[in-house]
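Structural overview
Given next are the chains, with one letter for each unit.
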Amino acid sequence: MLASITELLGQAWVLTLLKVVCVFAVVMPMVAYSVVAERRISAWIQDRIGPNRVGIPFTNIKLLGLGQPLADGLKALVKEDFTPAHVRKVFYWMAPAVAMVPSFVVLAVLPFGSMLGTQKMVIADLDVGILFTFGIVSLGVYGVVLAGYASNSKYPFLGGIRSTAQMISYEIAMGLAVVPVFMLAADPAWQAELIDKSTAWSDYLNDTGLLNLSSVVAYQHESILDWLMFKQPIAFAIFLIAIFAETNRLPFDLPESETELVAGYNTEYSSMRFALFFMGEYAAMIAGSALMVVLFCGGWTLPLGDFFNTPAQSLGKGLVHIGVFIAKITVFLGLMIWIRWMLPRFRYDQLMNIGWKRFLPASLANIILTAIVLWVLNS
Amino acid sequence: MEGTLFNIFAGLAVLSALLVVANPLSRNPVTSALFLVTTMISISGLFVLLGAYFLAAVQILVYAGAVMVLFLFVVMLLDLREAARRKLNLVSLAMGILAVGALFLVYKSSLESTYGEAPQQHEVAEEDQTEAKLVKAVGSTRALGQALFSKDKGFLLPFEIVSVLLLVAMVGVILLSRKEPG
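None of these values were measured; they are calculated from a predicted model.

1. Section: the overall build of chain A
- Of the regular secondary structure elements, chain A holds 16 helices and 2 strands.
- Over its C-alpha atoms chain A spans a radius of gyration of 22 Å, differing by no more than 12% from the 21 Å that the globule rule assigns to 379 residues.
- By its C-alpha atoms, chain A is 65 × 50 × 50 Å across when sized along the principal axes.
- Classification of the 379 residues of chain A by burial places 46% in the buried group.
- A sequence separation of at least 24 residues applies to 75% of the contacts in chain A between residues at least 6 apart.

Here is the structure:
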């Protein structure tokens, strides 16, 4: 009895570990290649060529420059890891790691596919998925702040200070923007109906709470008009822009802002430590895009008939769903890269004005509007 | 499993809480603030073990993610070289330990008078399952929301009063931090 229980526990652990490894194995190359994409797209936009030379090492095969991440990674690894004399050492060593971790932890609660076999394609199917996500996203600021403080020089410090104010301001707008999403999606009526309708859905939604992210995906599966980006356009716009601010991407890259602060919080960093910040930024972009796909764009579903919008009961279908999810993320990554090379940076006071005087009231108004609409519809 | 996790989180919480106030290696206020963050995160781990997922998430979101970031913000802006130079005061440390010990004794005796001498051992059987379900029902976000917001049997009035209190505090801060009256 006891032996079989421990065996079962072992299997659950093994499966979870396997999922973690797989997600990591997919996300790391995505990070590497979004860097390449960034450089190539920026080159196209500025009428340059961009990195197109590095192919397979020791051969003449160029593969459109797809070997670039290998070269970049090798460069970062073998470069001298220089620690300036004036830094606060412990914080200085800690900051890059702290910057990397939260974006990966967020991925743990995102449903990246329907089912493979009997396994739901999410690492941790939390009841409070969305709150957990916001909690972890809010920890992302520590990496930047610590880097700014640890560097013990003026430009990084200013970058760190800006980052705190910026992230806290936009987190509030982001959190409030998501409330209407759950006012629509966290309704037990449709979930009960869906569970009655088919066994695939009842297996998938087995015992999940209504703040769960897979439940939001299920809510949007029927048609493209169910996608919350069309049902909640204001919430979607605020959330999208807040994600830009949270990932420190242009037009919100004031913590870095190389024209005034040299390189902001990572001025004093070089080689692999700098690369860690860089990877952290792209991992955060991927996590943010994945969050947007799950909350507003139907997650792994596509409104193209049963094959795409019911949970998979075969292996091939499950893999296709994961593919759909990754494709949707790629669209958002492309959007983020595109916007970076299209818009100028905000001034600091503009940033604060937008966050507090535009987005905060707009998201509150959106909550009230949604409440009124729901009230009228239900009465 | 749960026992081990409890020991890890509780140990971490106590250890890092101690390092917030009495860190022998560094008297830097930023270090203290960061250890306070680890304390918060460990406490949220304890909430998870109790099945209160909502509280755990909110603990991280509000305390670790927002309050502590603002603390850091302020600590970094102030000139704290003097605070960093201040030596660890053994007398105040001893007094602190005394106070915490006394508080612990009061807590322990009040627990014992309520639940009897030894806490009851949990039966590992079907009972455990119903208990798990109960914990889930009590700790779930929905149950919490219903307890807070339902009019007749909930805590709607206290909740509203607390929110008005917070509003008062906020207005007060704005009034105090304004430079010229008017």
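Here the narrative resumes.
2. Concerning the overall build of chain B
- The number of helices and strands found in chain B is 8 helices and 0 strands.
- The 182 residues of chain B split such that 16% are buried.
- At a minimum sequence separation of 6, the contacts of chain B that also span at least 24 residues come to 59%.

3. Re the environment of B:G172
- With respect to the element layout, B:G172 can be found in helix α8 (residues 156-177).
- Distance in space between the C-alpha atoms of B:G172 and B:F149 is 27 Å, their sequence separation being 23 residues.

4. A few points about the packing of helix α6 (residues 154-185) of chain A against helix α11 (residues 233-246) of chain A
All names here are of chain A.
- Contact pair α6 / α11: the axes reach a minimum separation of 9 Å and the direction vectors enclose 150°. Between α6 and α11, the angle falls in the class roughly antiparallel. Crossing hand, α6 versus α11: left-handed. When α6 is examined against α11, the residues Q166, M167, Y170, E171, A173, M174, A177, V178, P180 and V181 are found in contact with a partner set consisting of A235, I238, F239, A242, A245 and E246.
- Tallied by class, residues from the contact of α6 with α11 come to 13 nonpolar, 1 polar and 2 charged.

5. Remarks on the interface of chain B and chain A
- Listed per partner, the contact involves 17 residues of chain B and 17 residues of chain A.
- The element contributing the most residues to the side of chain B that touches chain A is helix α3 (residues 53-77) of chain B, with 14 residues.
- Split into classes, the residues belonging to the side of chain B that touches chain A amount to 14 nonpolar, 3 polar and no charged.

6. Observations concerning α8(B)
- For α8(B), built from 22 residues, the straight-helix expectation of 32 Å at 1.5 Å per residue is met to within 8% by its first-to-last C-alpha distance of 32 Å.
- Counting buried residues in α8(B) gives 0 out of 22 residues, a small share hidden from the surface.

7. With respect to the packing of α6(A) against α3(B)
- Packing of α6(A) against α3(B) leaves a shortest axis separation of 10 Å and a crossing angle of 150°. Accordingly, the angle class assigned to the pair α6(A) and α3(B) is roughly antiparallel. Remark: the crossing between α6(A) and α3(B) carries left-handed chirality. Seen from α6(A), the contacting residues are A:I161, A:T164 and A:I168; seen from α3(B), they are B:A66, B:V69, B:L70, B:L72, B:F73 and B:M76.
- Its residues assigned to classes, the contact of α6(A) with α3(B) comprises 8 nonpolar, 1 polar and no charged.

8. Notes on the nonpolar core
- Counting 128 residues, the largest nonpolar core has A:L131, A:F239, A:A242, A:A283, A:I286, A:M292 and B:A57 as its most contacted members.
- Here the element with the most residues in this core is helix α13 (residues 271-296) of chain A; it accounts for 16 residues.
- Aside from chain neighbours lying at most four places away, what touches A:A283 is A:V27, A:V31, A:M100, A:S103 and A:F104.

9. What about the confidence of the model for chain B?
All names here are of chain B.
- Taken as a whole, chain B shows an average pLDDT of 79; of its residues, 80% reach a score of 70 or greater.
- The spread of mean pLDDT over the elements of chain B runs between helix α6 (residues 126-139), the lowest at 57, and α8, the highest at 90.
- Two summary scores accompany this predicted model of the complex, namely pTM at 0.83 and ipTM at 0.76.

10. A short note on unusual backbone geometry
Residue and element names in this part refer to chain A.
- Within the chain, D47 stands out as a residue other than glycine whose phi angle is a positive 60°.
- Mapped onto the secondary structure, D47 falls in the loop between α1 (2-45) and α2 (68-78).
- Even without being glycine, N152 reaches a positive phi, approximately 55°.
- If you trace the backbone, N152 turns up in the loop between α5 (141-151) and α6.

11. Section: the environment of B:F54
Residues and elements named next belong to chain B.
- Examined against the element boundaries, F54 turns out to sit in helix α3.
- F54 sits in the buried class, given 22 other C-beta atoms within 10 Å.
- On a C-alpha basis, the gap between F54 and F35 in space is 23 Å, while along the polypeptide they are 19 residues apart.

12. Considerations on the environment of A:G73
Residue and element names in this part refer to chain A.
- Structurally, G73 can be placed in helix α2.
- Under the C-beta neighbour-count criterion, G73 is labelled partly exposed, with 15 such atoms within 10 Å.
- With 202 residues separating them along the chain, G73 and A275 place their C-alpha atoms 8.0 Å apart.

Thresholds, definitions, all that
Residues numbered from 1 in each chain as written. Chains lettered and ligands numbered in written order. Predicted model: local features only at pLDDT ≥ 70, side-chain atom pairs only at ≥ 80, totals over all residues. Helix = DSSP H or I, 4+ residues; strand = E, 2+ residues; numbered from the N terminus. Rg over C-alpha atoms; globule rule 2.2 N^0.38 Å. Buried ≥ 20, exposed ≤ 12 C-beta atoms within 10 Å, placed from the backbone. Contact = placed C-beta atoms within 7 Å. Axes fitted to C-alpha atoms, helices over the stretch in contact; angles between N-to-C directions. Parallel < 35°, antiparallel > 145°, perpendicular 65-115°, else oblique. Left-handed = near helix turned anticlockwise from the far one by under 90°. Nonpolar A, V, L, I, M, F, W, Y, C, P; charged D, E, K, R; others polar. Expected span 1.5 Å × (residues − 1). Core = buried A, V, L, I, M, F, W, Y, C linked by C-beta atoms within 7 Å. pLDDT = per-residue confidence, 0-100.

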